[in-house]
Amino acid sequence: ALRLGSARVRKGRRVGFDRRVRMSGKGKFRIEPFKHRVELDAQYAEKTWKVLKDAIHEIHHRNASGLSFEELYRNAYNMVLHRHGDALYKGLVSLVTEHLRGVAGEVNAERGEGFLGELIKRWDHHTHSMQMVRDILMYMDRIYVQPNGLKPVHDLGLQLWRDQVMRGAGIKSRVRDAVLGAVNRERCGEKVDTHQLRAVTAMLMDLGEDCYAKDFEEPFLAATTEFYRAEAQTFLADSDCAQYLRKVESRLAEEQARVLEYMNARTVKTAVARCEEELLTGPMRQTLSMPGSGLSSMLVGDRVTDLRLVYKLFRRVPNGLKFVKEMVFEHVSAEGKSLVTDPETAKEPGRYVEGLLRMKDKYGGIVDAAFDGDRQFINALHLSFENFVNLNNRSAEYLSLYVDDQLRRSLKGAEEEEVEATLDRAIVLFRFLREKDVFQKYYQEHLSKRLLGGRTTSDDAERSLVVKLKTECGYQFTTKFEGMFNDIRTSRDSMSAFRTHLEERAASGDLAMAAEPSSSALTADADGVKVKTAGGVSSYLGGVDLSVQVLTTGSWPVKGQNVGMCTLPPGMQAACDAYRDFYLGSHNGRRLAFLTQMGTADVRATFGDGVRRELSVSTYMACVLVLFNDTESLSYRDIEAATQIPGDDLRRSLQSLACVRGKNVLRKEPMSKDVNDDDVFSVNDKFTSKMMKVKISTVSAQRETEPEKKETRARIEEDRKPQIEAAIVRIMKARRQLDHNGVVQEVTKQLSSRFIPSPADIKKHLESLIEKEFIERDRHDRKLYIYLA
């Protein structure tokens with residue numbers, strides 16, 4: 001037997017289609033109509049429908065084994081062929097409707113847990129039956145149903161089941177309540193028949209998305225919302241923050257697995273979103289603000305695992321991470337503000353900066369480990385640090401002091417990796433400074449002291465930090481620093497030439513050889529060249545071992561060419577004069593001025609125990625000590641008159657020599673911590689020390705005094721003036737004309753890498769440039785500035 005179209009035929013035989021089958025060509029078949037008119041019985045349609053009706057009835061009652069589907073198909077085919085398709089279609093609707101009404105009554109009569117099982121069983125029977133009916137009426141579907149815009153047999157079966165059974169009296173609500181009840185029981189830990197639930201939801205979906213949505217999905221989502229709203233309150237009442245979040249994580253995973261297990265995929269996203277709304281979004285603030293266990297407590301306790309869970313959960317909800325980020329920002333800002341405004345911490349710059357670095361390491365680590373290095377958290381962390389670091393206007397000074405301490409002492413003997421790590425951490429804090437030019441001023445002063453005193457632990461470390469600063473702020477920021485290194489390098493060549501010069505003079509008999517060295521001093525030139533003394537030519541300079549460092553004015557932080565000048569002992573003065581003659585003879589047009597306040601000296605002294613010790617002191621202290629070679633005691637006024645050392649520097653020097661325990665080579669009468677004008681000083685014959693070389697540092701505050709701070713601030717403000725005016729001119733030259741607010745914004749943007757100029761300062765310099773005729777105001781709009789070429 002072969003299938004041709006929808007009809008079964010045998011080669012060369014009639015099969016009851018009122019058509020003739022012939023072979024043609026190479027085994028091909030062609031169906032032709034009879035040549036004569038076929039007359040049908042007037043009762044043909046009714047009789048044929050009776051046969052089909054009985055057959056469909058048997059199919060619905062699962063008695064189809066004795067039916068001839070070929071005969072049934074042929075009957076349906078003939079009814080449609082002879083234009084009885086309408087009767088066939090309407091008869092089918094009536095028959096199936098009547099059958100399903102009976103099914104609805106039987107299903108509705110089922111009570112208890114067997115209700116859903118009976119419904120699914122009858123649904124399976126119905127779908128199987130309608131598939132068989134569809135096969136019988138396939139010709140009707142194609143020839144009559146489609147052209148007339150009617151529902152095909154399969155869709156008709158679904159529609160009738162929906163209308164007569166699912167939405168029949170009582171069944172719809174019972175199905176909804178049974179499914180939702182099972183879901184609720186499973187949420188509470190009971191075992192339920194998931195296969196049955198999956199079959200129900202699949203049935204609803206087969207009946208149409210509209211049926212699934214209205215009859216199940218909407219009630220399910222409403223019930224889900226109510227359940228988890230109550231669940232959230234229960235969890236919050238008996239859990240801390242971390243416990244609550246772990247319960248939420250478990251619930252969300254369970255709900256997602258549940259929906260995937262026996263519901264349509266379209267419900268997953270919406271159902272999980274409802275859970276997240278009730279468990280996370282709604283109680284978000286209440287959860288993360290729990291006293292003793294909320295987000296702040298997690299941050300304080302460095303609880304990375306809990307914080308990772310916070311990030312994992314709240315990234316799922318709209319604005320969840322934004323809220324977490326804001327809380328992190330507020331917490332870090334509050335902690336940082338407490339640190340920078342703590343008066344005890346502010347007394348120790350090293351402790352102050354270490355506290356900031358520990359905070360940065362801690363919260364930077366949390367952002368990387370718990371928040372996956374999320375850029376919005378990194379930005380929030382940087383903004384919080386920038387805000388509170390700049391609350392203390394001495395942060396730049398303290399950072400410079402911290403770097404100074406590291407490069408002078410703490411990094412001595414450290415490996416290169418450790419040095420780089422320390423400098424990188426300092427640069428991290430440097431980035432947060434808004435007034436980077438303030439740091440520049442302090443760093444210049446501290447660098448000069450390290451270079452001139454030979455106190456740096458590593459030249460490579462010094463240069464590495466300068467390179468890092470140049471990378472951050474540009475070459476102009478480090479020009480003076482690099483000039484200072486260049487001066488130190490050049491000074492070595494100058495001292496080598498000076499030594500050669502002395503040797504040549506001694507060889508020619510112009511210079512007599514001298515005894516052993518006694519001291520050293522520091523100098524500077526009036527044009528901006530500064531010099532420091534300390535070692536190697538004592539044989540030619542009356543026993544004074546002199547070393548000079550020539551420093552260029554502008555690169556070094558010197559407040560004036562004559563500041564710090566004092567009367568040197570004759571031997572030291574002669575040595576300095578010798579170098580002056582040599583230097584000025586080699587460099588035409590320059591002047592030298594010795595800056596004794598920046599010098600150091602090694603003085604050999606013998607005390608009462610007869611042991612000769614070497615005292616490493618400042619040049620000021622050396623000048624004071626040498627006075628006691630000729631007298632037993634001197635008053636403060638006598639020392640001041642003999643040395644001409646400035647008052648504040650002299651008091652600090654005398655305090656260092658007489659008031660520091662273990663370093664008191666002088667005695668002071670009366671004994672006190674302060675030096676007064678009437679105090680009398682003498683050599684302490686009882687001084688002793690286990691060290692043969694005793695280093696006596698000048699007593700001075702690690703931080704600036706108020707007058708010094710005001711002076712530094714004034715110098716910084718003075719340095720800013722040309723920078724602000726240059727920025728205004730550059731902007732106006734490029735824009736030609738710009739309003740006042742635009743100028744303020746552009747200037748602030750250009751200078752923000754060094755400092756943040758105030759609008760008042762910008763306005764003042766705009767007025768200055770108007771007076772200098774670089775720019776002018778528009779005649780009609782006084783807020784508009786015009787560049788004058």
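Residues numbered from 1 in each chain as written. Predicted model: local features only at pLDDT ≥ 70, side-chain atom pairs only at ≥ 80, totals over all residues. Heavy atoms only, no water.

What exactly am I supposed to notice about the overall build of the protein chain here?
Each helix and strand in the protein chain was counted, giving 30 helices and 16 strands. The buried share of the protein chain, taken over its 789 residues, is 46%. Sequence-distant contacts, at least 24 apart, represent 68% of the contacts inside the protein chain between residues at least 6 apart. In the structure as shown, the protein chain presents an accessible area of about 39,600 Å², 48% of it carried by carbon and sulfur atoms. (Helix = DSSP H or I, 4+ residues; strand = E, 2+ residues; numbered from the N terminus. Buried < 20%, exposed > 50% of the residue type's maximum accessible area, 1.4 Å probe, protein only. Contact = heavy atoms within 4.5 Å. Areas by Shrake-Rupley, 256 points an atom, 1.4 Å probe, with all protein chains shown as cover.)

Would you mind showing me how to read the pattern of salt bridges here?
Evaluation of the coordinates by the stated rule reveals 49 salt bridges. With a shortest N-O distance of 3.1 Å, Glu 278 and Arg 229 are connected by a salt bridge. One end of the pair, Glu 278, is in helix α11 (residues 265-281); the other, Arg 229, is in helix α9 (residues 209-238), with 49 residues separating them in the sequence. Judged by its relative accessible area of 13%, Glu 278 falls in the buried class. Taking the relative accessible area as the measure of exposure, Arg 229 reaches 45% and is therefore partly exposed. (Salt bridge = Lys/Arg side-chain N within 4 Å of Asp/Glu carboxyl O.)

What's the story with the confidence of the model for the protein chain in this structure? I'm lost.
Where the model shows low pLDDT, its predicted coordinates should not be examined in detail. Summarising the model, the protein chain shows a mean pLDDT of 84, and 89% of its residues fall at 70 or more. Of all secondary-structure elements in the protein chain, the lowest mean pLDDT belongs to strand β1 (residues 2-4), at 34, while helix α14 (residues 304-314) reaches the highest, 95. This model gives residues 1-21 a pLDDT under 50, and the stretch forms 50 contacts once residues within four places in sequence are excluded. Taken together, the stretch residues 515-535 has pLDDT below 50 and engages in 120 contacts with residues farther than four places along the chain or on a different chain. (pLDDT = per-residue confidence, 0-100.)

What exactly am I supposed to notice about unusual backbone geometry here?
The phi angle of most residues is negative, glycine excepted, and most peptide bonds adopt the trans form. In the segment running from Glu 669 into Pro 670, the intervening peptide bond is cis, with an omega of -10°. In this fold, Pro 670 is placed in the loop between β11 (666-669) and β12 (680-683). Positive phi outside glycine occurs at Gln 644, with the angle close to 60°. Classification of Gln 644 as partly exposed rests on a relative accessible area of 47%. Despite not being glycine, Glu 773 has its phi angle at roughly 65°, a positive value. Within the fold, Glu 773 resides in the loop between α30 (759-771) and β15 (775-777). You can call Glu 773 exposed: its relative accessible area is 61%.

Would you take a moment to explain the pairing of β12 for this structure?
Regular strands place their side chains on alternate faces of the sheet. Relative to β12, strand β10 (residues 633-635) runs antiparallel, the two sharing three bridges. Among the inter-strand pairings, Ser 635 is bridged to a residue of β12, identified as Val 680. In this structure, β11 lies alongside β12, joined through four bridges in antiparallel fashion. Across the sheet, Glu 669 pairs through a bridge with Val 680, a residue of β12. (Pairing = 2+ DSSP bridges.)

Help me understand the packing of α9 against helix α10 (residues 241-262) in this model?
At their nearest, the axes of α9 and α10 sit 10 Å apart, and the two run at 160° to each other. Between α9 and α10, the crossing angle belongs to the class labelled roughly antiparallel. α9 and α10 meet at a crossing whose hand is right-handed. Contacts from Phe 220, Thr 224, Phe 227, Tyr 228, Glu 231, Ala 232, Phe 235, Leu 236 and Asp 238 of α9 reach α10 at Gln 243, Tyr 244, Lys 247, Arg 251, Glu 255, Arg 258 and Val 259. (Axes fitted to C-alpha atoms, helices over the stretch in contact; angles between N-to-C directions. Parallel < 35°, antiparallel > 145°, perpendicular 65-115°, else oblique. Left-handed = near helix turned anticlockwise from the far one by under 90°.)

Sorry, what's going on with the sheet that holds strand β9 (residues 612-618) here?
Sheet strands pair via backbone hydrogen bonds, and the direction of the pair is either parallel or antiparallel. If you trace the three strands from one edge of the open sheet to the other, you get β8-β9-β13, paired in mixed fashion. Of all the strands in the sheet, just β8 (600-606) and β13 (693-695) have a single pairing partner and so form its edges. Here the average twist between neighbouring strands, direction ignored, is 25°. Pairing analysis gives seven bridges linking β8 to β9, with the strands arranged antiparallel. Its bridge partner lying in β9, Thr 606 is registered against Arg 612. Its contacts with the sheet put helix α25 (residues 619-627) on β8 and β9, and the angle it makes with β9 is roughly 130°.

Whenever I open this one, empty space enclosed by the protein confuses me. Can you help?
Remark: the empty space left among the atoms is shown by a probe the size of a water molecule rolled over them. For the coordinates displayed, the defined rule picks out three cavities of 30 Å³ or more. Empty space within the largest cavity amounts to approximately 50 Å³. Breaking the lining of the largest cavity down by element, the ones donating at least two residues are α17 (349-370) and α19 (395-410). Looking at which element gives the most residues to the lining of the largest cavity, the answer is α17, with three residues. Looking at the second largest cavity, its volume works out to about 40 Å³. Taken together, Met 166, Lys 172, Val 175, Arg 176, Val 179, Leu 204, Asp 215 and Phe 216 form the lining of the second largest cavity. (1 Å grid on protein atoms, 1.4 Å probe; cavity = no way out; pocket = protein on both sides within 12 Å on 5 of 7 lines; lining within 4 Å. Points joined across faces, edges and corners; volume = space filled by probe spheres on them.)

How should I be thinking about the side chain of Glu 255 in this particular structure?
Its location among the elements puts Glu 255 in helix α10. On the accessibility criterion, Glu 255 (0% relative accessible area) is buried. Those residues in contact with Glu 255 that sit more than four places away from it in its chain are Arg 187, Phe 220, Thr 224, Tyr 228 and Cys 275.

For this particular structure, what's the right way to read the environment of Ala 658?
If you trace the backbone, Ala 658 turns up in helix α27 (residues 647-658). Ala 658 sits in the buried class, given a relative accessible area of 2%. For the pair formed by Ala 658 and Lys 673, sequence separation is 15 residues and the distance between their alpha carbons is 9.0 Å. With sequence-adjacent residues up to four places away left out, Ala 658 is seen in contact with Asn 664, Leu 666, Lys 668, Met 671 and Phe 681.

Even after reading the chapter, I still don't get the packing of aromatic side chains, so can you show me in this structure?
Summed over all chains, the structure comprises 23 aromatic pairs. Ring centres of Phe 498 and Tyr 579 lie 5.0 Å apart, and the angle between their planes is 80°; on these two criteria the pair is classed as edge-to-face. Note that Phe 498 is positioned in helix α23 (residues 479-507) and Tyr 579 in helix α24 (residues 570-586), a separation of 81 residues in sequence. A connected cluster of aromatic rings, assembled from ring pairs, spans Phe 430, Phe 439, Tyr 443, Phe 477 and Phe 481. Over the face of the ring belonging to Phe 115 we find Arg 174, whose NZ or CZ atom lies 3.9 Å from the ring centre. In this arrangement the basic side chain of Arg 187 is found over the ring face of Phe 227, its NZ or CZ atom lying 5.3 Å from the centre. (Phe/Tyr/Trp six-rings, centres within 6.5 Å; stacked < 30°, edge-to-face > 60°. Lys NZ or Arg CZ within 6 Å of the ring centre and 35° of its normal.)

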